[in-house]
Amino acid sequence: MNGPLSSALMQRSLRSVWHPCTQMQHHEATPLIPIVRGQGAWLYDADGRRYLDAISSWWVNLFGHANGRINAALKDQLDRLEHAMLAGFTHEPVIALSEQLSALTGHVLGHCFYASDGASAVEIALKMSVHAWRNAGHTAKQEFVCLQGGYHGETLGALGVTDMPLFREAYGALVRPAHVVASPDPRQARDGESAADVAARSLAELEQLLQQRAGHIAAVIIEPLVQCANGMAMHAPDYLSALRRLCDTWQVHLIADEIAVGCGRSGTFFACEQAAIWPDFLCLSKGISGGYLPLSLVMTRDDIYAAFYASDMRRGFLHSHSYTGNPLACRAALATLAIFREDRILERNQALAGSMTAALQPLAQDPRIMHFRQRGMIWACDARITDTALAATFARRFAAEACRQELLLRPIGQTIYLMPPYILDGDEVALLADRTCRVFDRVMQGT
Ligand SMILES: *Cc1c(COP(=O)(O)O)cnc(C)c1O
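All figures in this text were calculated on a predicted structure; none of them were measured in a lab.

Procedures and definitions
- Residue indices follow the written sequence of each chain, beginning from 1 at its first position.
- A pLDDT threshold of at least 70 governs which residues receive local features in this predicted model, and a stricter bar of 80 or more applies before side-chain atom pairs are shown or counted, although totals over entire chains, interfaces and linings include all residues.
- To get the side-chain values, all heavy atoms of the structure are used, and hydrogens and water are removed first.
- Every helix listed is a DSSP run of H or I at least four residues long, and every strand listed is a run of E at least two residues long, numbered separately from the N terminus.
- To get the radius of gyration, use the C-alpha atoms; to get the globule rule, take the number of residues to the power 0.38 and multiply by 2.2 Å.
- Three labels apply to residues, based on accessible area from a 1.4 Å probe with only protein chains included: buried if under 20% of the type maximum, exposed if over 50%, partly exposed otherwise in between.
- In this analysis, two residues are considered to be in contact whenever any of their non-hydrogen atoms come within 4.5 Å of each other.
- Residue exposure ignores everything except the shown protein chains as possible cover, and the areas themselves are Shrake-Rupley values with a 1.4 Å probe.
- In this tally, Asp and Glu contribute negative charge and Lys and Arg positive charge; neither His nor the terminal groups of the chain are included.
- Lysine's charge is taken at NZ, arginine's at CZ, aspartate's at CG and glutamate's at CD.
- DSSP bridges decide pairing: two strands pair if at least two such bridges lie between them.
- Put simply, a residue is near a molecule or strand once any heavy atom of it comes within 4 Å of that molecule or strand.
- Pairs of N or O atoms are called polar contacts if they sit within 3.5 Å, as long as, within protein, a hydrogen donor faces a hydrogen acceptor (for residues adjacent in sequence, only side-chain-to-side-chain pairs).
- One less than the number of residues in a helix, times 1.5 Å, gives the span that helix is expected to have.
- In this scheme Phe, Tyr and Trp rings, the latter by its six-membered ring, pair at centre separations within 6.5 Å, and the angle between planes marks the pair as stacked below 30 degrees, edge-to-face above 60, and tilted otherwise.
- Interaxial angle, 0 to 180 degrees, is taken between N-to-C directions of lines fitted to C-alpha atoms, where a helix line uses only the stretch in contact.
- Throughout this description, any angle smaller than 35 degrees is read as roughly parallel, any larger than 145 degrees as roughly antiparallel, any in the 65 to 115 degree range as roughly perpendicular, and the remainder as oblique.
- Take the far helix as your reference; a near helix turned counterclockwise from it by less than a right angle gives a left-handed crossing, and one turned clockwise gives a right-handed crossing.
- Each residue gets one of three labels, nonpolar for Ala, Val, Leu, Ile, Met, Phe, Trp, Tyr, Cys and Pro, charged for Asp, Glu, Lys and Arg, and polar for the others, Gly among them.
- Every case where a carboxyl oxygen of Asp or Glu lies within 4 Å of a side-chain nitrogen of Lys or Arg is listed as a salt bridge.
- Either an automatic procedure or a domain database provided the assignment from which the domain bounds are taken.
- Put simply, buried area is the surface a 1.4 Å probe can reach on two separate parts but cannot reach once they are joined, added for both.

Draft legend 1. Representation of the overall build of the protein within the structure. Within the protein one finds 15 helices and 16 strands. Taking 22 Å as the expected radius of gyration for a compact globule of 447 residues, we find that the protein reaches 22 Å, a close match to that expectation. Considering only C-alpha atoms, the protein reaches an extent of 65 × 60 × 45 Å along its principal axes. The buried share among the 447 residues of the protein stands at 53%. Pairs at least 24 apart in sequence give 71% of the contacts found in the protein among residues at least 6 apart. Of the roughly 20000 Å² of accessible surface on the protein, 54% is carried by carbon and sulfur atoms. Positive and negative side-chain charges of the protein, numbering 39 and 44 respectively, have mean locations separated by a distance of 3 Å.

Draft legend 2. View of the pairing of strand 13 (residues 369-375). In this sheet, strand 14 (residues 378-383) lies alongside strand 13 in antiparallel orientation, the contact comprising five bridges. Within the sheet, the bridge partner assigned to M370 lies in strand 14 and is D382. In textbook terms, the turn of a hairpin is the stretch between consecutive antiparallel strands, and for strand 13 and strand 14 this stretch comprises two residues, one of which, G376, has a positive phi near 60°.

Draft legend 3. Region of the structure containing the site of the ligand. Surveying the vicinity of the ligand reveals the residues W59, D117, G118, A119, Y151, H152, G153, E223, D257, I259, A260 and K286. A119 is positioned with one of its backbone polar atoms (N or O) 2.8 Å from an oxygen atom of the ligand. Measuring from an oxygen atom of the ligand, one finds a side-chain N or O atom of K286 at 2.6 Å. About the coverage of the ligand: the protein hides 82% of its 380 Å² of free accessible area.

Draft legend 4. Broad picture of helix 5 (residues 118-135). In a regular helix each residue adds 1.5 Å, so 18 residues correspond to 26 Å; helix 5 covers 25 Å between its end C-alpha atoms and thus fits that length. Most of helix 5 sits inside the fold, with 14 of its 18 residues counted as buried. The distance from a side-chain oxygen at the start of helix 5 to the backbone nitrogen of A119 is 3.3 Å, and the residue carrying that oxygen is D117. One or two residues past the end of helix 5 sits G137, with phi positive at roughly 90°.

Draft legend 5. Summary view of the packing of aromatic side chains. All told, the structure shown has eleven aromatic pairs when counted by the stated rule. Considering the side-chain rings of F63 and F340, the 5.3 Å spacing of their centres and the 75° angle between planes classify their relative orientation as edge-to-face. Highlighted residues: F63 in the loop between helix 2 (56-59) and helix 3 (68-78) and F340 in helix 11 (residues 327-342), separated in sequence by 277 residues. One exposure class covers both F63 and F340, and it is buried.

Draft legend 6. Structural detail: the packing of helix 14 (residues 388-404) against helix 15 (residues 426-444). Across the interface, helix 14 lies against helix 15 with an axial gap of 9 Å and an inter-helix angle of 135°. Accordingly, the angle class assigned to the pair helix 14 and helix 15 is oblique. For the pair helix 14 and helix 15, the sense of crossing is right-handed. On helix 15, the residues touching L390, F394, R397, F398, E401 and A402 of helix 14 are T436, V439, F440, R442, V443 and M444. In the contact of helix 14 with helix 15, the residues fall into eight nonpolar, one polar and three charged.

Draft legend 7. Region of the structure containing the pattern of salt bridges. Inspection of every chain in the model, using the stated rule, returns 21 salt bridges. Residues R168 and D163 are paired through a salt bridge, measuring 3.2 Å at the closest nitrogen-oxygen approach. Overall, R168 belongs to the partly exposed group, its relative accessible area being 34%. Its relative accessible area of 15% is what places D163 among the buried residues. Here the residues in one salt-bridge network are D185, R187, R373 and D382, joined through shared partners.

Draft legend 8. Quick look at helix 11. For helix 11, built from 16 residues, the straight-helix expectation of 22 Å at 1.5 Å per residue is met to within 8% by its first-to-last C-alpha distance of 22 Å. With respect to burial, helix 11 is a largely interior element, 14 of its 16 residues being buried. Its side-chain oxygen 3.2 Å from the backbone nitrogen of L328, N326 forms the N-cap of helix 11. Two residues or fewer past helix 11, R344 is found with a positive phi of approximately 45°.

Draft legend 9. Main features of the side chain of E258. Relative to the helices and strands, E258 is located in the loop between strand 10 (253-257) and strand 11 (281-284). Buried charge E258 goes without a salt bridge, the closest partner of opposite sign being R265 at 11 Å. Sequence-distant contacts of E258, defined by excluding residues within four places in its chain, comprise P224, F269, F270, A271, C272, L282, C283 and L284.

Draft legend 10. Local environment of the domain arrangement of the protein. Domains assigned within the protein are domain 1 (4-66 + 348-445) and domain 2 (71-342). Computed over C-alpha atoms only, the centres of domain 1 and domain 2 are separated by 27 Å. Each side of the interface is counted separately: domain 1 has 26 residues, and domain 2 has 28 residues. Buried surface at the junction of domain 1 and domain 2, both sides included, amounts to about 2200 Å², of which 64% is carbon and sulfur. Interface area lost by domain 1 to domain 2 is led by W59, F63 and R375, which between them contribute 32%. Viewed at the interface, domain 2 and domain 1 are joined by one salt bridge.

Draft legend 11. Summary view of the sheet that holds strand 5 (residues 143-147). If you walk across this open sheet you meet the seven strands as 4-12-11-10-7-5-6, and the pairing is mixed. Among the strands making up the open sheet, the edge pair consists of strand 4 (111-115) and strand 6 (179-181). Put simply, the sheet's adjacent strands are angled 20° from each other on average, direction ignored. As judged from the three bridges shared by strand 5 and strand 6, these two strands associate in the parallel manner. Pairing of L147 across the sheet is with V181, part of strand 6. Strands strand 4, strand 11 and strand 12 (296-300) of the sheet are contacted by helix 4 (residues 92-104), whose axis makes an angle of about 125° with strand 4.

What follows is the structure, given as structure tokens:
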């Protein structure tokens with residue numbers, strides 16, 4: 001399928017680049033696609049073929065590739081200051097970003113700690129939680145709770161709160177595992193159970209654990225509203241408010257990992273807003289820089305910040321990364337926040353989401369599809385597949401056929417999902433919906 005220019009780049013890449021989360025041998029059958037430029041929702045390969053980036057390049061891109069406003073902000077910043085260390089020094093972009101994010105939480109989460117990738121933000125939240133309890137004299141609180149199917153990144157600390165059999169099997173021996181409680185994923189419903197029953201069961205399981213272990217548990221970590229890596233498992237905002245109450249009752253921190261669902265993806269800027277709660281720690285990454293540069297951060301409350309504020313170095317938070325608070329990444333984030341305000345993105349996305357949901361009705365109604373669901377700018381459904389050979393290869397076949405139909409789509413197991421940038425026009429909505437249906441049809445027919 002690759003033309004001559006793409007083929008040459010692919011061969012060079014396969015010789016020297018080890019690609020992420022990839023069984024490299026699969027590229028003997030599936031071509032690797034060399035991208036040379038992006039514009040709006042589209043990526044272009046070396047031979048000029050185009051792909052609609054319907055998963056926002058792994059959930060990071062919000063306002064399209066080569067966005068004029070973000071590009072201009074970065075070019076301006078590049079001529080002022082590319083980087084300066086953040087220990088002992090500070091700079092306007094990191095200050096302004098912290099102020100603006102804090103304001104978006106009504107200043108409840110008034111302190112921002114920076115890193116570069118999502119997994120590091122998760123590790124920071126975990127360390128901060130345990131250290132805050134320790135500083136308050138609760139040295140036994142060192143354990144964590146995560147949800148079944150939860151995903152919080154792939155470094156060793158983050159893997160401890162990630163419940164994915166594939167990772168557990170390979171790296172389990174390296175990891176300090178968290179307590180895992182049932183997910184509120186409605187697809188886990190047993191006979192006669194409603195979605196609310198599944199959520200209640202998950203909460204009851206957590207409460208039972210807290211009754212026994214709260215004195216040893218520092219924090220519960222969750223992905224609010226959508227467990228994305230767990231096949232876009234969605235739960236109701238009520239679940240979050242009940243979770244917040246449980247954490248308050250049993251004196252454990254709540255960590256909201258909004259790395260994927262934050263920045264408007266769930267419909268509100270922060271997913272937690274839909275439950276009218278704030279966590280003790282909120283992790284952001286992915287979309288915060290508009291999908292331009294690695295940037296992550298953890299937001300937390302005054303009382304937690306205060307627990308570290310002392311003359312003794314050992315009571316301070318002991319964590320740093322070389323590129324902490326990188327000014328270029330912060331400028332990209334500031335330009336991203338400016339677009340949210342100036343273009344009233346959250347309002348506009350409601351209309352966009354409505355037309356996308358309408359356009360996807362043929363897929364939603366297809367008898368070979370179940371659990372069609374949507375939250376904000378995320379759409380997902382599960383293919384009914386009985387053939388085991390097809391089930392095992394569905395995601396790869398689907399991704400390959402999607403490329404032939406000019407779409408970048410990568411199902412998770414049998415879950416097909418769309419997580420496009422927020423800039424699709426009417427033609428792109430129609431094209432994305434029609435082609436997604438066509439791809440599904442072809443894969444199910446085995447052509
Ligand atoms: C992607 C993701 C992470 C990890 O972020 P990286 O930048 O890939 O390390 C953590 N949590 C959630 C919910 C994510 O979607």
